[in-house]
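Descriptive structure summary
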Amino acid sequence: MPDAMFAHPRLAPLYDAFESGRSDLHAYVEIADELGAARVLDVGCGTGSLAILLEGTGRTVVGTDPAEASLAVARSKDGSARIVWVRCDATVLPTIAADLVVMTGNVAQVFRADEEWTRVLLSVRAALRPGTHFVFETRKPERRDWERWPGTTSVDVPELGRVERHDELTDVSPPLISFRSTYRFPDGEELTSESTLRFRTRDEIDASLAEAGFELRAVREAPDRPGLEDVYIARKAD
């Protein structure tokens with residue numbers, strides 16, 4: 001079940017407003033260029049920002065997400081018409097013979113159990129052509145990035161007004177970190193979203209990739225969170 005911030009029809013349209021300035025998305029386009037990927041599967045595509053950016057470079061793009069409210073936002077954007085949007089869980093991805101599968105943001109960390117993460121990796125592998133790549137990001141647990149999360153922010157949303165979001169930690173039990181986001185609307189309504197992320201170590205990720213049939217090619221610093229997050233580039237083994 002997707003978190004309310006992605007699945008609730010009033011919260012999903014707020015994502016882009018609160019997460020503007022995604023410099024990491026251009027880095028993924030550069031990686032797609034580097035790998036020569038013409039057909040890309042964006043897993044956990046959310047409101048479609050990366051998928052639309054990739055399609056704008058002439059690529060064939062499929063975006064998948066389990067949250068219909070987020071997909072509705074994606075479909076409403078300019079440049080979305082040529083993208084295939086699929087509502088599905090990451091464990092049952094369409095097998096489209098992709099050149100590249102990408103998983104940005106916190107997507108890789110929403111899979112808490114090792115068994116679920118393994119099913120995701122096998123599903124990603126099945127979606128790829130032999131010798132092509134899976135690229136994803138995940139935060140470094142040793143940096144304890146969650147300690148920076150609590151706080152309150154607000155943004156002006158067109159045709160809605162100023163919306164406030166308050167983030168608080170609800171449980172810190174590494175490797176699982178839980179938090180709550182409360183949104184306050186100009187009309188007085190409050191909506192909350194509960195989330196839990198799994199912080200895997202480098203050794204755990206390396207082992208899971210190898211077990212699922214991937215060869216780790218590179219680990220890079222995330223451009224938008226240097227020192228806090230890594231970008232993994234893994235190749236589907238022959």
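Remember, it's a predicted structure, so these values are computed and weren't measured experimentally. Counting starts from 1 at the beginning of each chain's written sequence and moves along it residue by residue. Note on the predicted model: pLDDT of at least 70 is required for a residue's local features to be given, and 80 or more for side-chain atom pairs to be given and counted; whole-chain, interface and lining totals, by contrast, use all residues. Hydrogens and waters are ignored; side-chain quantities use all the structure's heavy atoms.

**Comments concerning the overall build of the protein chain**
- The helix and strand labels rest on DSSP assignments: H or I over at least four residues marks a helix, E over at least two residues marks a strand, and numbering proceeds from the N terminus. Scanning the protein chain for helices and strands turns up seven helices and 11 strands.
- Across its three principal directions, the C-alpha atoms of the protein chain cover 55 × 40 × 30 Å.
- Burial analysis of the protein chain (238 residues in total) assigns 49% to the buried set.
- Partitioning the contacts of the protein chain with sequence separation of at least 6, the portion at a separation of at least 24 is 60%.
- A positive count includes Lys and Arg, and a negative count includes Asp and Glu. His and the chain ends are not counted in either. Every charge is mapped onto a representative atom, which is NZ of Lys, CZ of Arg, CG of Asp or CD of Glu. A gap of 3 Å separates the mean positions of the 29 positive and 41 negative side-chain charges of the protein chain. Remark: exposure states derive from per-residue accessible area (1.4 Å probe, protein chains only) relative to the maximum for the residue type, with buried under 20%, exposed over 50%, and partly exposed in between. By definition, residues are in contact when any of their heavy atoms lie within 4.5 Å.

**Brief notes about the pattern of salt bridges**
- We count a salt bridge whenever a side-chain nitrogen from Lys or Arg sits within 4 Å of a carboxyl oxygen from Asp or Glu. For the structure on display, the rule yields 30 salt bridges.
- With a closest N to O distance of 3.4 Å, Glu19 and Arg165 form a salt bridge. In this pair, Glu19 sits in the loop between helix H2 (15-18) and helix H3 (23-35) while Arg165 sits in strand E7 (residues 161-173), placing the two residues 146 residues apart along the sequence.
- Exposure remark for Glu19: the relative accessible area of 29% places this residue in the partly exposed category.
- In this structure Arg165 comes out as buried when scored by relative accessible area, which is 13%.
- With a shortest N-O distance of 3.0 Å, Asp206 and Arg202 are connected by a salt bridge. Here Asp206 pairs with Arg202, and both are found in helix H7 (residues 202-211), just four residues apart, close to one helical turn.

**Here's the deal with the nonpolar core**
- Judged by nonpolar contacts, the single largest core of 27 residues is most densely connected at Met103 and Phe134.
- Mapped by element, the contributors of at least two residues to this core are strand E1 (39-43), strand E4 (98-103), helix H6 (114-127), strand E5 (128-139), H7 and strand E11 (229-236).
- A per-element tally of this core places H6 first, with five residues. Nonpolar core, defined: a set of buried Ala, Val, Leu, Ile, Met, Phe, Trp, Tyr and Cys residues in which side-chain atoms within 4.5 Å join the residues together.

**What about the environment of Ala218?**
- With respect to the helices and strands, the residue Ala218 is situated in strand E10 (residues 214-221).
- Sequence separation between Ala218 and Ser178 is 40 residues, and the spatial gap between their C-alpha atoms is 29 Å.
- Leave out the neighbours within four places in its chain, and Ala218 touches Val231, Tyr232 and Ile233.

**Quick notes on H3**
- To estimate how far a helix should extend, the number of its residues minus one is multiplied by 1.5 Å. With 13 residues, H3 ought to run about 18 Å at 1.5 Å a step, and its terminal C-alpha atoms sit 19 Å apart, in line with that.
- When we look at burial in H3, the residues that qualify are Asp24, Leu25, Ala27, Tyr28, Val29, Ile31 and Ala32.
- Check the buried side of H3 and you find it contacts helix H4 (49-55), E4, E5, E10 and E11.
- Looking one or two residues past H3, Gly36 carries a phi angle of roughly 65 degrees, positive in sign.

**Topic: the packing of aromatic side chains**
- Here is the rule: rings of Phe, Tyr and Trp (six-membered ring for Trp) pair when centre to centre is within 6.5 Å. Planes less than 30 degrees apart are stacked, more than 60 are edge-to-face, and the remainder are tilted. Summed over the entire model, instances satisfying the criterion amount to 10 aromatic pairs.
- Taking 5.1 Å as the distance between ring centres and 5 degrees as the angle between the ring planes, the aromatic pair formed by Phe136 and Tyr232 counts as stacked. Placement of the pair is Phe136 in strand E5 and Tyr232 in strand E11, with a sequence separation of 96 residues. Across this residue pair, the class does not change: Phe136 and Tyr232 are buried.
- Consider the rings of Trp146 and Phe199, whose centres lie 5.0 Å apart with planes at 80 degrees: the pair is edge-to-face. Here the residue Trp146 occupies a position in the loop between E5 and strand E6 (151-157), and Phe199 occupies one in the loop between strand E9 (190-198) and H7, the gap between them amounting to 53 residues.
- Of the aromatic side chains, those joined through ring pairs into one cluster are Phe111, Trp117, Phe134, Phe136, Phe214 and Tyr232.
- Counting as a charge over the ring demands two things of the Lys NZ or Arg CZ atom: a distance within 6 Å of the ring centre and an angle within 35 degrees of the ring normal. It is Arg10 that lies over the ring of Phe185; its NZ or CZ is 3.9 Å from the centre.

**Quick look at the environment of Glu34**
- Note that Glu34 resides in helix H3.
- Relative accessible area serves as the criterion here: at 48%, Glu34 is assigned to the partly exposed category.
- Considered as a pair, Glu34 and Asp89 are 55 residues apart in the sequence and their alpha carbons are 28 Å apart.

**A word on the pairing of E6**
- Here seven bridges tie E6 to E7, and the two strands are oriented antiparallel to one another. By the bridge assignment for E7, Gly151 is matched with Asp167.
- In this structure, the hairpin formed by E6 and E7 is closed by a connection of three residues, where Glu159 is found at a positive phi of approximately 65 degrees. Whether two strands pair comes down to DSSP finding at least two bridges between them.

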